[in-house]
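What follows is the residue order along each chain.
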Amino acid sequence: MTNEQTNETLLEVDAISLSFGGVHALVDVSFDIRKGEVRSIIGPNGAGKSSMLNVINGFYHPQEGTITYQGQARKRMRPHDAAAGGIARTFQNIALFKGMSTLDNIMTGRNTHMSKSLFWQALRIGPAQREEIEHREFVEHVIDFLEIQSIRKTPVGRLPYGLQKRVELGRALAAEPSLLLLDEPMAGMNLEEKEDMSRFILETNDEFGTTIALIEHDMGVVMDISDRVVVLDYGRKIAEGTPEEVRTNQSVIDAYLGVSHD
Amino acid sequence: MFYRESGQLKSSYVADQAMFPIAQDRWFVFGVLALAFLVAPFFINEYWANAILLPFLVYALAALGLNILTGYCGQVSLGTGAFMAVGAYASFKLVGFFPEVNFLIVLALSGVVTAAVGMIFGLPSLRIKGFYLAVATLAAQFFLIWVFNKVGWFYDYNLTGMITVRPIDFFGVRITGPEATPAAKYLFTLTVVCILALSAKNIVRGRIGREWMAIRDMDIAAELIGIRPLRAKLSAFAVSSFYIGVAGALYFSIYLGAVEPVEAFDINQSFYVLFIIIIGGLGSVLGVFLGSAFIVLIPILLKNIMVGGMGFDSGMAGHVEILLMGMLIIFFLIVEPHGLARLWQIAKEKLRLWPFPH
Amino acid sequence: MAFDIFLLEVILSGLMTGVMYALVALGFVLIFKASGIFNFAQGVMALFAALALYDFLAEDGWFFAVFGFTLPVWLAIPATIVVMIVLAWVIERTVLRFLVKQNEIILFMATIGLAFVLEGLGDLLFGSDVKPLDIGIPQGASDWLLDSFNLYIEQLEIFAAGTAAVLVAILAIFFQRTRIGRALRAVADDHQAALSVGVSLDKIWVIVWSVSGIVALVAGIMWGSKSGVQFSLSLIALKALPVLILGGFTSVPGAIVGGLIIGVGEKLAEVYIGPIVGGAIENWFAYMLALVFLLFRPQGLFGERIIERV
């Protein structure tokens, strides 16, 4: 879809296995994400898609396998290290900070870029204020980009579902991520909201060249906006390729139609 | 009619991020401060200072500390009384060691000592949440009070087990003990509280404040967007304890003058401060002042009405006070968890529209 | 030899205190299991129950003032149970149902408010002086143990241990064998599932608060018989909190074992460490033990491990 796509690998998932007390969430999964692409992870419920995202940004630690991000292989990583390294994400069930305004929520996305100490914060006048304003300007760009100017100061708890999803995307974008993980960004949306969200995702990818890994149930959306797709079922990778290849793959069709495994 | 923000357009982010973006609010706050600093000192007497203004200021400061931890960072503590004791004993020992040092520095150091102790007891917050943490802070409450009661070094091996404040001069003006004038005690406390309240307001609306609130609202999500839970929680414990420690030092040195640990800093103090932030408003700087005023004035009112007006004995008034506090806590938690501060805000919003109904 | 007897006495006396803690902790666990509410007022409920019981028995109570006679023990206890059930109903009606959707911290703080309400109410209704509670539980040392084994054990404590055992047995039967008991367990596992088998949530809350009110009454009777009915009872009851941390918030056996560990632990600490550091460490030992424990096993001895999800 995008023009800036290269063949350079941003993230490589190599033979990842993850289990919780005997339950296998992921088994020997490998794939890569190239710089600048929109990569979708699809599969039936319980296929291990969210677990995969949780592994990528360090929330779960896989028992086996390695992840290579920006050329650096790692086994264990704390989520905040992943965030500092430029991996941002949104969540399946909205995980906004309900007591804070839209603006403050998006500002938290800038946190990894801010550094002024407690002392300056308490004083406010001077360095802390300059820093605050500098990042406020960036956040205002994000707000303009997502067309949410009018809800800037509204506590997010009061916003309708679709707008909350958008604010969450804003918080992730504010971090200026190299890799953006989107966990079902369109779940529970109506058609119009889905179109808006698809547009924002594509524009993010186009304008900022942000690499995107996406979990989505709506096949129409996935086929429309993805460059490449990886399909998981029962924690295993069963197919990958371009949307067209995946669509016609027999094991993918079987998985979605619920053909029994043998 | 006069309370309007229309026409007050913000042309810079500085103006938009100001503490009181609406001009009328600014004037109101300046007015209150002028009253407090320039008028009140001339009318203050022993009763007003000791029964109302000093406890009001000291409890507001302690509540500010607890609100940073509970209201902003979402960690419940039942150890406020003990942390106030740490501040009080730290100031007592520091003045003993360095009688010449300016009392503001002593206060700051007392706060730092309390912050260090607070961080130690805050460490479990990394592994445990909610009321589990509340139990952990109870450990601080009972253990620390026991230490101050048992270890003679803390009270200079005084036979009574009490500590009594030494005479302290602040730029030549006596601010502690019976020789200090009510006005001097009041003005000193007021200044400290105002500076710290301003700093707190600055912190909570900046990066660190947002980190705390993010942890409060959804700690896992906060971690996933790059906030270190360890750092955020411990910084909340540290800043919170600093405030509570300074409050404890003022409580001992200026307000009471002499304390005995078991009574002055028992678990009821912890509840008392917790109630201030629930009634005043969780996560609000203004709220701690409203809540503190409320909780200092209610017993006085009750006493005047019940004992003075209706002839009940004071024990009865005490029981009614406990009952009423409990009911108010439940009422506020059900009806308005953001407390008096939120009610104040609603009143302002109504005022903004007045006299037009919509 | 004499040393061994002494050690045994310390341990036994710790076990007996532990039984008392366990009784209070049991009330906590019941409510927490069924509703996820950490009921800080459990200790004050024990105090309140003991005060109400005293009122039915004594000639300086309201009951005597109104009706001109006092109740015998076998009537006073059921009457107090009725009081606790009414109390549970009132609490559900005026507090809990308005806080159903709030987070656990708000609920926790609301129960602190509740503790104050009950304390103020108890003081107002019954006065705040220490009241002797005598319902005919044998007092003094057990002569038989003293004569045969040279062991000094309070008969009251043996009685308390026996009662606790019976109470736990009754609760176990209640949860395993009765329809309501099974529904309660269902709620603990899944609110939705409970609703679908036709048990209303508010009814369940009234029941579970009543049951823990009755458990509180038993605890109140034991504590009250031992040291009189007084406010400090609700503070002693706070010791149930470290007990819960040790035992796990959702485990009935955990409450019992945790209570015994804390009881024995703090007695041993008081006797063997206390003199070295200046005594009175009973006040905080349990909390510190719990704190250290929390660092290594946050879910308690018997609690379930928590897996976090996003």
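Residues numbered from 1 in each chain as written. Chains lettered and ligands numbered in written order. Predicted model: local features only at pLDDT ≥ 70, side-chain atom pairs only at ≥ 80, totals over all residues.

## Looking at the overall build of chain A
When its secondary structure is counted, chain A shows ten helices and ten strands. On C-alpha atoms alone, chain A measures out to a radius of gyration of 19 Å, which is about the 18 Å that the 2.2 N^0.38 rule sets for 262 residues. With respect to the three principal axes, the spread of C-alpha positions in chain A is 65 × 40 × 35 Å. Taking all 262 residues of chain A together, 45% fall into the buried category. In chain A, once contacts between residues fewer than 6 apart in sequence are set aside, the share between residues at least 24 apart is 69%. (Helix = DSSP H or I, 4+ residues; strand = E, 2+ residues; numbered from the N terminus. Rg over C-alpha atoms; globule rule 2.2 N^0.38 Å. Buried ≥ 20, exposed ≤ 12 C-beta atoms within 10 Å, placed from the backbone. Contact = placed C-beta atoms within 7 Å.)

## Regarding the overall build of chain B
If you tally the helices and strands in chain B, you get 15 helices and four strands. C-alpha atoms of chain B, sized along the principal axes, occupy 65 × 55 × 45 Å. Within chain B, contacts between residues at least 6 apart in sequence are counted, and of these 75% link residues at least 24 apart.

## Some thoughts on the interface of chain C and chain B
Taken together, the contact pairs 39 residues of chain C with 33 residues of chain B. Among the secondary structure elements, those contributing two or more residues to the side of chain C that touches chain B are α5 (104–126), α12 (240–247) and α15 (282–296) of chain C. For the side of chain C that touches chain B, the element with the most residues is α5(C), which contributes 16 residues. In terms of residue class, the side of chain C that touches chain B is built from 30 nonpolar, five polar and four charged. (Nonpolar A, V, L, I, M, F, W, Y, C, P; charged D, E, K, R; others polar.)

## Some remarks on the nonpolar core
In this structure, B:Leu61, C:Ala22, C:Leu23, C:Ala25 and C:Leu53 are the most contacted members of the largest nonpolar core, which totals 290 residues. Residue-level mapping places this core at the junction of two domains, with at least three residues from each of domain 1 (1–86 + 178–262) and domain 2 (99–176) of chain A. Among residues more than four places away in sequence, those in contact with C:Ala25 are C:Ala240, C:Val243, C:Leu244, C:Gly247, C:Ala255, C:Gly258 and C:Gly259. (Core = buried A, V, L, I, M, F, W, Y, C linked by C-beta atoms within 7 Å. Domains from an automatic or database assignment.)

## Let's talk about the packing of helix α3 (residues 46–72) of chain B against helix α12 (residues 267–280) of chain B
Residues and elements named next belong to chain B. Running from N to C, α3 and α12 point in directions that differ by 75°, and their axes come no closer than 9 Å. It follows from the interaxial angle that α3 and α12 lie roughly perpendicular. Contact residues: α3 offers Tyr59, Ala62, Ala63, Leu66, Asn67, Thr70 and Gly71, while α12 offers Val273, Leu274, Ile276, Ile277 and Gly280. For the contact of α3 with α12, a count of residues per class yields eight nonpolar, four polar and no charged. (Axes fitted to C-alpha atoms, helices over the stretch in contact; angles between N-to-C directions. Parallel < 35°, antiparallel > 145°, perpendicular 65-115°, else oblique.)

## Considerations on the domain arrangement of chain A
A common way to report how large an interface is uses the accessible area buried once the components associate. Residue and element names in this part refer to chain A. Per the domain assignment, the segments making up chain A are domain 1 (1–86 + 178–262) and domain 2 (99–176). One C-alpha centre belongs to domain 1, the other to domain 2, and the line joining them spans 27 Å. Looking at the side of domain 1 that touches domain 2 element by element, the count peaks at four residues for helix α7 (residues 191–208). Of the residues belonging to the side of domain 1 that touches domain 2, the class tally is seven nonpolar, two polar and one charged.

## What to know about unusual backbone geometry
In the Ramachandran plot, A:Glu176 falls in the positive-phi region, its phi being about 50° despite a non-glycine side chain. Inspection of the secondary structure puts A:Glu176 in the loop between α6 (161–174) and β7 (179–183). A tally of 16 C-beta atoms within 10 Å means that A:Glu176 is categorised as partly exposed. For B:Phe171, which is not a glycine, the phi torsion comes out positive at approximately 50°. Position of B:Phe171 among the secondary structure elements: in the loop between β2 (169–170) and β3 (173–174).

## Focus on the packing of helix α8 (residues 207–217) of chain B against helix α10 (residues 229–256) of chain B
Residues and elements named next belong to chain B. One can describe the packing of α8 onto α10 by two numbers: an axis separation of 10 Å at closest approach and a directional angle of 105°. In terms of their interaxial angle, α8 and α10 are classed as roughly perpendicular. For the pair α8 and α10, contact is made by Ile208, Glu211, Trp212 and Ile215 and by Pro229, Ala232, Lys233, Ser235 and Ala236, respectively.

## Thoughts on the sheet that holds strand β4 (residues 64–69) of chain A
All names here are of chain A. Strands sit in the order β2-β1-β4-β5 across an open sheet of four strands; the sheet is antiparallel. The two strands at the open ends of the sheet, each matched to only one other strand, are β2 (23–34) and β5 (72–74). The average undirected angle you get between the axes of adjacent strands in this sheet is 20°. Relative to β5, β4 runs antiparallel, the two sharing three bridges. Bridge pairing in β5 places Tyr69 opposite Gln72. Sheet strands in contact with helix α1 (residues 49–56) are β1 (9–20), β2 and β4, and its direction is about 65° off that of β2. (Pairing = 2+ DSSP bridges.)

## Looking at the environment of C:Val257
Residues and elements named next belong to chain C. Its place among the elements puts Val257 in helix α13 (residues 252–272). It is 8.5 Å that separates the C-alpha atoms of Val257 and Val243, two residues lying 14 residues apart in sequence. Ignoring any residue separated from it by four or fewer positions in sequence, one finds Val257 in contact with Gly247 and Leu301.

## Considering the environment of A:Glu245
Within the secondary structure layout, A:Glu245 lies in helix α9 (residues 243–247). The spacing of A:Glu245 and A:Arg78 is 167 residues in sequence and 35 Å in space, taken between C-alpha atoms.

## Examining the pairing of β2(A)
All names here are of chain A. Direction of pairing for β1 relative to β2: antiparallel, over a ladder of eight bridges. Across the sheet, residue Ser19 finds its bridge partner in β2, namely His24. What sits between the antiparallel neighbours β1 and β2 is a turn of two residues, in which Gly21 has the positive phi angle 45°.

## Here we look at the sheet that holds β7(A)
Through backbone hydrogen bonds, the strands of a sheet pair up, either in parallel or in antiparallel fashion. Residues and elements named next belong to chain A. Taken in spatial order, the six strands of this open sheet run β6-β7-β8-β3-β9-β10, and their pairing is mixed. Because the sheet does not close on itself, it has two edges, and the strands there are β6 (87–89) and β10 (236–241). Within the sheet, the average angular offset between the axes of one strand and its neighbour, ignoring direction, is 20°. The sheet contact formed by β7 and strand β8 (residues 211–215) spans five bridges and is parallel. The partner of Leu180 across the bridge, within β8, is Ile212.

## As for the pairing of β7(A)
Residue and element names in this part refer to chain A. Along β7, five of the five residues are buried, which leaves the element largely enclosed by surrounding structure. Side chains Leu179, Leu181 and Asp183 of β7 all project onto a buried face; the interleaved residues Leu180 and Leu182 project onto the opposite face, where all are buried too. When β6 meets β7, the two strands line up parallel, connected through three bridges. Paired with Ala88 across the strands is Leu180, a residue of β7.

## Digging into the confidence of the model for chain A
Averaged over all residues, the pLDDT of chain A equals 88, while 96% of them reach at least 70. When the elements of chain A are averaged for pLDDT, helix α10 (residues 250–257) of chain A gives the smallest value, 82, and helix α3 (residues 102–108) of chain A the largest, 95. (pLDDT = per-residue confidence, 0-100.)

## Quick notes on the confidence of the model for chain B
Mean pLDDT over chain B works out to 90, with 96% of the residues at or above the 70 mark. Per-element confidence in chain B ranges from a low mean pLDDT of 78 for helix α1 (residues 13–16) of chain B to a high of 97 for helix α4 (residues 80–97) of chain B.

## Some words on the environment of B:Asp25
Tracing the chain through its elements places B:Asp25 in helix α2 (residues 23–43). Linking B:Asp25 and B:Phe275, residues 250 residues apart in sequence, is a C-alpha distance of 27 Å.

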